[in-house]
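# Commentary on secondary and tertiary structure
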Amino acid sequence: MLAKQLSWMLPWPKLTCGKGIACMKVGKYENAKAALEAGTSLVPGESRFTNLIKECDELIAEETGESKNHAADAQVNIVSRKDAVPEDTSSQAPMVIPSKPKYRHEFYQKPEEVVVSIFAKGIQASWVTVDFGEQTLSVSFEVPGEDGYHFQPRLFGKIKPDECKYNILSTKVEFRLAKAEPGLHWASLEYNKQTAVVQRIAVSSEIAQKPTYPSSKPKRVDWDKIEAQVKKEEKEEKLDGDAALNSFFRGIYQDADEDTRRAMKKSFVESNGTVLSTNWKEVGTKKVEGSPPDGMEMRKWEY
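Residues numbered from 1 in each chain as written. Predicted model: local features only at pLDDT ≥ 70, side-chain atom pairs only at ≥ 80, totals over all residues. Heavy atoms only, no water.

Rules: UniProt positions are given in the numbering used here, feature names are shortened, and annotations may be inferred rather than shown by experiment.
Within an unreviewed UniProt entry, the label attached to the protein chain reads Protein SGT1 homolog, and the organism entered is Salix koriyanagi. The protein chain has a UniProt comment under Sequence similarities (unreviewed entry) that states "Belongs to the SGT1 family."

Rendered as structure tokens:
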């Protein structure tokens, strides 16, 4: 008896007992039972461990019984669903899948017109009916053997019906709508309240306020003005030596009549650049011989 009391006073039995009680409080009955059984091996026959193990067994039994009941209820529910009579869906309305439209349209615009295209292959002129209104476009296709197609939008802006036209092509029908207000930007083809606020192309303001940044547009060059400026600079420039002499002869040639120019050309070429005459009567009837400067002689170039 004394040995039993002394063994209980050791720390291990107390720890296992405390662990078992703590596990029971948090609902971990299996862990609690394992800890208590470990304590029993340390203190065989201790009533405290025996009573706690018995309590754990009862709690485990209750918990297992509830689980079995829940499992049985779930099985009954599954069976009842399998045995249930399927609902009669014949009275329900069938699902309606919207069909893809046979024709589609798109548009683009210029400052003076809006171009609308309805893509339709093989449309004949006799099947097409078109009417242009002040702010409407009415189009109808009556293709034999098919349902009629009607396209009647209220346009974003007003048009000029008399200036509108259309053209039937192999793959589409193209409509050209003349804007009643050229330069008015259409935010969409059809009118609606959200796009009622329009944007106008301010042509006059663009012209009045020229951009100050560099532009890639070609600029017009006044060549006459540039030529006059070059001539003025040439006249005012002070030249020396051969440059002055050439400038002098160039001035004579520019202001001379046709005979004088012919004489200057002929004499210069035939004399190999040693004679320059302005008298056509003198040089026009004979070949002009070369006249080298003093102290020099002319020789024929041999290749």
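## Observations concerning the packing of aromatic side chains
What counts here: Pairing of aromatic rings covers Phe, Tyr and Trp, the last counted by its six-membered ring, and requires centre-to-centre distances within 6.5 Å; plane angles under 30 degrees mean stacked, over 60 mean edge-to-face, and any other angle means tilted. Here a helix means four or more residues in a row that DSSP labels H or I, a strand means two or more in a row labelled E, and each is numbered from the N terminus. Remark: exposure states derive from per-residue accessible area (1.4 Å probe, protein chains only) relative to the maximum for the residue type, with buried under 20%, exposed over 50%, and partly exposed in between. A positively charged side chain is recorded as over a ring if its NZ (Lys) or CZ (Arg) lies within 6 Å of the ring centre. The angle to the ring normal must also be within 35 degrees.
Summed over all chains, the structure comprises 5 aromatic pairs. When the ring of Tyr103 is compared with that of Tyr149, the centres are 4.9 Å apart and the planes differ by 70 degrees; the resulting orientation is edge-to-face. Here the residue Tyr103 occupies a position in the loop between helix H4 (47–83) and strand E1 (104–109), and Tyr149 occupies one in strand E5 (residues 149–151), the gap between them amounting to 46 residues. Each member of the pair, Tyr103 as well as Tyr149, carries the same accessibility label: buried. Relative to Tyr149, the ring of Phe141 lies with its centre 5.3 Å away and its plane at 35 degrees, an arrangement referred to as tilted. Of the two residues examined, Phe141 and Tyr149, each falls in the buried class. Three or more aromatic residues joined by ring pairs make a cluster, and in this case those are Tyr103, Phe141 and Tyr149. The ring of Phe119 carries the charged tip of Arg104 above its face, separated from the ring centre by 4.2 Å.

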